[in-house]
Amino acid sequence: MRGTARMVEVVDGVMPGPHGPVPIRHYRPQDPAAAPTLVWLHGGGFFRGDLDLPESDVVARALSARGVPVVTVDYRLGPLPGMPWIGRTGPRARRRAPHARDEVVAVLRELATECPAGLVLGGASAGACLAATVIPAVPALSGAVLAYGFFHARLPRDPAVQRLVRGHRRITHAPLLLDAANRNYVGPLGAGGFPAPERLGTFPRTLMLDAERDTMRASGDRFARQLGAAEVDLERHVLPDSRHAFLNRPDSIDFAAAVDLIASWVARRPV
């Protein structure tokens, strides 16, 4: 056990995976609501981040304090395109698709026997992208939560969205760089990568949260339209004046608003 916070029990563990043990972390409310367990995947561009990242640990603690059981997954990371020396080192480093996807699928299948209220799969940024690739392989999910993700092998070009982006994100989230990083790790369409439009009908009810001032919102805009066309039960919020990775900034008003939206949505039973 790593400790408790705000009436939350936090326990580290591992689960068997197809490429070796997968580190996970359970966040168990001491007075849980009758809610499904949220399996949560952090962001970090596929090359950085871990279970201690605020977007993982603080998010999970905040949700669990609101009665939502959470399991976070330390999926395998990979290199930046052309820069293999950047990112995690060690036995769980420098793995491209489909290693992370395989590990998340394995964790979900193992948890399915432990969580009678069902499982919701969610993630932020790269984690949302990864979650979207996993969903068609796990049809029994109770829901999906996708926060400021990227869902296409090529970012839709939207000048109106790009004009809203400020600071270093104008460089690090330039469309060409996003295209390269995502294809490098997730893989192309038809190779276990981004979800093909004809498979979106397999998605469970879905909550999408996007940042208004975010290059990736162009992909979120298109993906929301595609899910709607596939008649998926979709709820979407674009947080006004927000920036990418707001769930990695726990002191922001956007973090608080997003956590409240996620907690209430997960606990809500579909009609």
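Everything quoted here is computed from the prediction, not taken from an experiment. Starting afresh in each chain, residues are numbered from 1 along the sequence in its written order. pLDDT decides what is reported in this predicted model: residues at 70 or higher carry local features, side-chain atom pairs at 80 or more are listed and counted, and totals for whole chains, interfaces and linings draw on all residues regardless. Values reported for side chains reflect all heavy atoms of the structure, with hydrogen atoms and water molecules removed beforehand.

Can you lay out unusual backbone geometry for me, pointing to particular residues and giving the numbers?
The phi dihedral of Ser125 falls on the positive side, at around 55°, and the residue is not glycine. The helix count covers DSSP runs of H or I at least four residues long, the strand count covers runs of E at least two residues long, and both are numbered beginning at the N terminus. Structurally, the position occupied by Ser125 is in the loop between strand S6 (119-124) and helix H3 (126-134). Even without being a glycine, Glu231 presents a positive backbone phi close to 65°. Tracing the chain through its elements places Glu231 in the loop between helix H7 (217-229) and strand S9 (234-243). Classification of Glu231 by relative accessible area gives exposed; the value is 72%. Only protein chains enter the accessibility calculation, which uses a 1.4 Å probe; a residue whose area is less than 20% of its type maximum is buried, one above 50% is exposed, and one in between is partly exposed.

A description of the pattern of salt bridges should follow, citing residues and the corresponding values.
Criterion for a salt bridge: a side-chain nitrogen of Lys or Arg within 4 Å of a carboxyl oxygen of Asp or Glu. The tally for this structure, following the rule as stated, stands at eleven salt bridges. A salt bridge links Asp57 to Arg25, with the nearest nitrogen and oxygen atoms 3.5 Å apart. Of the two residues, Asp57 is situated in helix H1 (residues 57-65) and Arg25 in strand S3 (residues 22-29); the sequence distance between them amounts to 32 residues. By relative accessible area, Asp57 is classed as buried at 12%.

For the nonpolar core, give the residues involved together with the corresponding values.
Nonpolar side chains tend to gather and get buried jointly when the protein is soluble and globular. Counting 45 residues, the largest nonpolar core has Leu108 and Leu121 as its most contacted members. Of all the secondary-structure elements, those providing two or more residues to this core are S3, strand S4 (37-41), strand S5 (70-73), helix H2 (99-111), S6, H3, strand S7 (143-147) and H7. Trp40, Ala147, Tyr148 and Ala211 belong to the second largest nonpolar core, which has 31 residues in total. In these notes, a set of buried Ala, Val, Leu, Ile, Met, Phe, Trp, Tyr and Cys residues joined through side-chain atoms within 4.5 Å is what counts as a nonpolar core.

Break down the packing of H1 against helix H8 (residues 253-267) for me, with residues and values.
The axes are straight lines fitted to the C-alpha atoms, using for helices just the contacting stretch, and the angles between their N-to-C directions are given from 0 to 180°. One way to put it is that H1 packs onto H8 with a least axis distance of 10 Å and a crossing angle of 50°. Classified by the angle between their axes, H1 and H8 sit oblique to one another. The two elements H1 and H8 meet at a crossing, and its hand is right-handed. Across from Val58, Val59, Ala62 and Leu63 in H1, the residues of H8 making contact are Phe255, Val259, Ile262 and Ala263. Side-chain classes follow a simple rule in which Ala, Val, Leu, Ile, Met, Phe, Trp, Tyr, Cys and Pro form the nonpolar group, Asp, Glu, Lys and Arg form the charged group, and the remainder, Gly included, forms the polar group. Here the contact of H1 with H8 is built from residues that sort into eight nonpolar, no polar and no charged. Our angle categories are set so that under 35 degrees counts as roughly parallel, over 145 as roughly antiparallel, 65 to 115 as roughly perpendicular, and the remainder as oblique. Here a crossing is called left-handed whenever its near helix is offset anticlockwise from the far helix by less than a right angle, and right-handed whenever the offset is clockwise. Every residue pair with non-hydrogen atoms within 4.5 Å of one another is taken to be in contact.

Run through the packing of aromatic side chains, naming residues and quoting values.
Two rings belonging to Phe, Tyr or Trp (six-membered ring only in the last case) form a pair when the distance between their centres is within 6.5 Å. Interplanar angles under 30 degrees mark stacking, angles over 60 mark edge-to-face geometry, and anything in between is tilted. Within the structure shown, the criterion is met by three aromatic pairs. Arranged with centres 4.8 Å apart and planes meeting at 75°, the rings of Tyr148 and Phe246 form a pair that is edge-to-face. With Tyr148 in the loop between S7 and helix H4 (159-162) and Phe246 in the loop between S9 and H8, this pair connects stretches of sequence that are 98 residues apart. As far as burial versus exposure is concerned, Tyr148 and Phe246 are alike and both buried. Stacked on the ring of Trp265, the Lys or Arg Arg205 has its end atom at 4.0 Å from the ring centre. Cation placement over rings: the criterion is NZ of Lys or CZ of Arg within 6 Å of the ring centroid and within 35° of the ring normal.

Explain the packing of H2 against H3 residue by residue, including any values.
Where H2 meets H3, the closest approach of the two axes is 10 Å, and the angle between their N-to-C directions is 70°. By the criterion of interaxial angle, the relationship of H2 to H3 is roughly perpendicular. Crossing angle aside, the handedness with which H2 passes H3 is right-handed. Together, Ala100, Arg101, Val104, Val105 and Leu108 of H2 and Leu130, Thr133 and Val134 of H3 make up the contact between the two elements.

Requested: an account of H2, with residues and values cited.
By this rule, a helix spans an expected 1.5 Å times one less than how many residues it contains. Taking 1.5 Å of rise per residue, 13 residues should cover 18 Å, and H2 covers 19 Å from first to last C-alpha, within 8% of that figure. Three or more residues of H2 are buried, namely His99, Ala100, Glu103, Val104, Val105, Ala106, Val107, Leu108 and Leu111.

Pulling in residues and values, what's your account of H8?
If you check H8, its first and last C-alpha atoms are 22 Å apart, about what 15 residues at 1.5 Å a residue would give, namely 21 Å. Within the sequence span of H8, burial applies to Asp254, Phe255, Ala258, Val259, Ile262, Ala263, Trp265 and Val266. Where the residues of H8 are buried, they touch S4, H1, S6, S7, strand S8 (206-213) and S9.

Which residues make up the environment of Ala144, and what values do they have?
Its place among the elements puts Ala144 in strand S7. Among the residues examined, Ala144 registers a relative accessible area of 0% and is labelled buried. Separated by 106 residues in the primary sequence, Ala144 and Leu38 have C-alpha atoms spaced 8.7 Å apart. Apart from the residues lying within four places of it in its own chain, the contact partners of Ala144 are Val120, Leu121, Ile135, Pro204, Arg205, Thr206, Leu207 and Trp265.

Tell me what's going on with the pairing of S9, and back it up with residues and numbers.
Only strands joined by at least two bridges in the DSSP assignment are considered to pair. Bridging between S8 and S9 involves seven bridges; their strand directions are parallel. Paired with Leu209 across the two strands is His237, which belongs to S9. Orienting the strands away from the viewer, one traces the path from the first strand over the helix to the second; a clockwise path indicates a right-handed crossover. In this view, the connection linking S8 to its parallel neighbour S9 by way of H7 has right-handed handedness.

Structural measurements only, silent on function.
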